[in-house]
Amino acid sequence: MELNERKEKILEAIIRNYMETGEPVGSRTVSKYGDMNLSSATIRNEMADLEEMGYILQPHTSAGRIPSDKAYRLYVDKMLKNKDAEVGEMRELLVEKADKIDLLLKQVAKLLADNTNYTTMVTKPKYQHKKIKFVQLNQISEGQLLVLVVLDNNHVNNKFINLEEPMDETVVSQMNFLMNTALNGLDFTEINMQIMQKIKEQAGDYSDIASSIMDCIAEVMAEEDNSEIYTSGATNILKYPELTDKEKVTQLLSTFEEKQMLEAWANDNSEDSKEHAIQVYIGEESPVESMKDCSVVTATYQIKEGVYGKIGIVGPKRMDYEKVVGTLENCMQQLDDIFKKKIE
């Protein structure tokens with residue numbers, strides 16, 4: 001069976017009506033859509049074909065039909081191909097908060113939630129490749145060594161090592177020289193067992209201290225991998241009846257509040273995740289388990305080469321995809337422009 005132009009128009013009518021009302025759509029409603037000019041009987045026959053093809057479903061409590069995930073996927077793919085949306089006021093609203101990245105991204109999350117009436121997620125930008133700029137060791141007391149690790153993104157991280165006995169100042173200087181000679185300019189992925197073993201051998205009697213310093217650097221890198229995620233509009237989910245099942249909505253709200261379950265999405269470093277192209281996940285396609293009854297629209301903004309952040313909008317499957325994609329694309333572009341100007 002072929003999805004011809006007439007079936008596509010009827011399917012679009014069902015999708016759009018269901019997106020607006022959240023109620024199953026009948027043939028009478030479809031007949032009033034646009035320039036359909038078809039009888040209810042003809043529409044019913046076409047709807048039966050669409051149901052057989054897997055594009056629409058009939059809830060057991062109603063004679064109307066609702067779109068399936070397959071229908072939403074067809075609608076979104078078609079919409080993305082032809083979309084040309086503008087949100088002209090976005091730039092001015094964002095620039096107001098561009099003085100600090102964290103304030104800016106919190107504002108972005110709130111702005112997107114307010115504009116779309118859905119729930120939003122924004123991650124702080126992460127460096128894809130983190131290199132060690134330098135390591136500074138300071139003995140701050142007889143029993144404690146401060147390990148200062150500075151990365152090439154100018155993030156400064158402090159760690160402490162407890163000493164069994166004080167270190168001579170000359171030894172601290174030698175350890176500083178050893179660490180920086182071996183590690184400066186290296187990406188963490190380049191620090192292998194061979195390099196670590198060489199450092200420990202050169203440290204001689206202080207190999208245990210060298211090993212502890214390497215552990216501190218590893219901790220710093222692990223902490224850098226943890227994304228900070230800003231969310232806004234979590235309660236917007238409650239506006240959509242199909243998402244208010246008590247158990248499911250509790251899990252969904254917990255996801256936005258506790259955020260651990262968002263880490264897999266935030267830390268996705270695949271090539272696709274770095275592309276600016278909008279990604280739309282419908283139902284079971286969702287990257288987060290608690291969002292399998294939702295649609296998730298995501299995009300990636302870029303500060304500079306190797307520095308990425310992510311934006312996501314979560315709503316019902318009947319979300320206004322055109323508005324969401326247009327708003328998200330515009331927002332993403334403005335973030336790119338803002339960050340580029342800040343860097344320049």
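Relevant structure appears above.
Residues numbered from 1 in each chain as written. Predicted model: local features only at pLDDT ≥ 70, side-chain atom pairs only at ≥ 80, totals over all residues. Heavy atoms only, no water.

S.K.: Is there a simple way to explain the overall build of the protein chain in this structure?
M.R.: A count of helices and strands for the protein chain gives 13 helices and 11 strands. Residue pairs in contact within the protein chain that sit at least 24 positions apart in sequence constitute 63% of those at least 6 positions apart. Within the structure as shown, the protein chain displays about 18,000 Å² of accessible surface, and the carbon and sulfur contribution to it stands at 45%. (Helix = DSSP H or I, 4+ residues; strand = E, 2+ residues; numbered from the N terminus. Contact = heavy atoms within 4.5 Å. Areas by Shrake-Rupley, 256 points an atom, 1.4 Å probe, with all protein chains shown as cover.)

S.K.: I'm lost on the side chain of Asn17 in this one. Help?
M.R.: With respect to the secondary-structure elements, Asn17 resides in helix α1 (residues 5-21). When sequence neighbours within four positions are dropped, the list of residues in contact with Asn17 reads Gly22, Val25, Thr29 and Tyr33.

S.K.: Would you mind going over the environment of Gly315 with me for this structure?
M.R.: Note that Gly315 resides in strand β11 (residues 307-316). In contact with Gly315, other than residues within four places in its own chain, are Tyr118, Leu243, Cys294 and Ser295.

S.K.: Looking at this structure, how should I read the pairing of strand β6 (residues 144-151)?
M.R.: Successive side chains on a regular strand alternate, one facing one side of the sheet and the next facing the other. Counting buried residues in β6 gives 7 out of 8 residues, a clear majority hidden from the surface. Relative to β6, strand β5 (residues 132-141) runs antiparallel, the two sharing 8 bridges. Residue Ser141 lies in a different strand from β6, and its bridge partner there is Gln144. Bridge count between β6 and strand β7 (residues 156-162): 7 bridges; the pairing is antiparallel. Bridge pairing in β7 links Val150 to Val156. (Buried < 20%, exposed > 50% of the residue type's maximum accessible area, 1.4 Å probe, protein only. Pairing = 2+ DSSP bridges.)

S.K.: Explanation requested: the packing of helix α7 (residues 169-183) against helix α8 (residues 193-203) in the structure shown.
M.R.: Relative placement of two packed helices is described by the angle separating their axes and the distance separating the axes. Across the interface, α7 lies against α8 with an axial gap of 11 Å and an inter-helix angle of 160°. Judged by the inter-axis angle, α7 sits roughly antiparallel to α8. Of the two possible hands of crossing, α7 and α8 adopt the one that is right-handed. Each of Met175, Leu178, Met179, Ala182 and Leu183 in α7 lies in contact with α8, whose residues at this interface are Ile195, Ile199, Gln202 and Ala203. Its residues assigned to classes, the contact of α7 with α8 shows 8 nonpolar, 1 polar and no charged. (Axes fitted to C-alpha atoms, helices over the stretch in contact; angles between N-to-C directions. Parallel < 35°, antiparallel > 145°, perpendicular 65-115°, else oblique. Left-handed = near helix turned anticlockwise from the far one by under 90°. Nonpolar A, V, L, I, M, F, W, Y, C, P; charged D, E, K, R; others polar.)

S.K.: Help me out: how do you make sense of the pattern of salt bridges in this one?
M.R.: Side chains that differ in sign of charge can pair as their charged atoms come close. Counting across every chain of the model gives 14 salt bridges. A salt bridge links Asp69 to Lys317, with the shortest nitrogen-to-oxygen separation between them at 2.7 Å. Remark: Lys317 occurs in the loop between β11 and α13 (321-343) and Asp69 occurs in helix α4 (residues 69-82); sequence separation between them is 248 residues. What makes Asp69 partly exposed here is its relative accessible area of 27%. The salt bridge partner of Glu242 is Arg318, with a shortest N-O separation of 2.6 Å. Of this pair, Glu242 sits in the loop between β8 (229-232) and α10 (246-258) while Arg318 sits in the loop between β11 and α13, and the two are 76 residues apart along the sequence. With a relative accessible area of 8%, Arg318 lands in the buried category. Via salt bridges that share partners, Arg6, Lys7, Glu46 and Asp49 belong to a single interconnected network. (Salt bridge = Lys/Arg side-chain N within 4 Å of Asp/Glu carboxyl O.)

S.K.: How should I be thinking about the sheet that holds β7 in this particular structure?
M.R.: Hydrogen bonds along the backbone pair up the strands of a sheet, which may run parallel or antiparallel. Spatial ordering of the open sheet is given by β5-β6-β7, a layout of 3 strands whose pairing is antiparallel. Where the open sheet ends on each side, the last strands, each with one partner, are β5 and β7. Direction aside, neighbouring strands of the sheet carry axes that sit 20° apart on average.

S.K.: Please clarify how the nonpolar core should be interpreted in this entry.
M.R.: Generally speaking, soluble globular proteins have nonpolar side chains that are buried together. Counting 63 residues, the largest nonpolar core has Met121, Met291 and Tyr321 as the members making the most contacts within it. A total of 8 residues in this core trace back to one element, the largest contributor, which is α13. Setting aside residues up to four positions removed in sequence, Met291 forms contacts with Met121, Leu252, Thr255, Phe256, Leu262, Gly283, Ser286, Val296 and Val314. Of all hydrophobic cores here, the second largest spans 28 residues; its members include Ile132, Leu163, Val172 and Met175. (Core = buried A, V, L, I, M, F, W, Y, C linked by side-chain atoms within 4.5 Å.)

These figures capture arrangement, not role.
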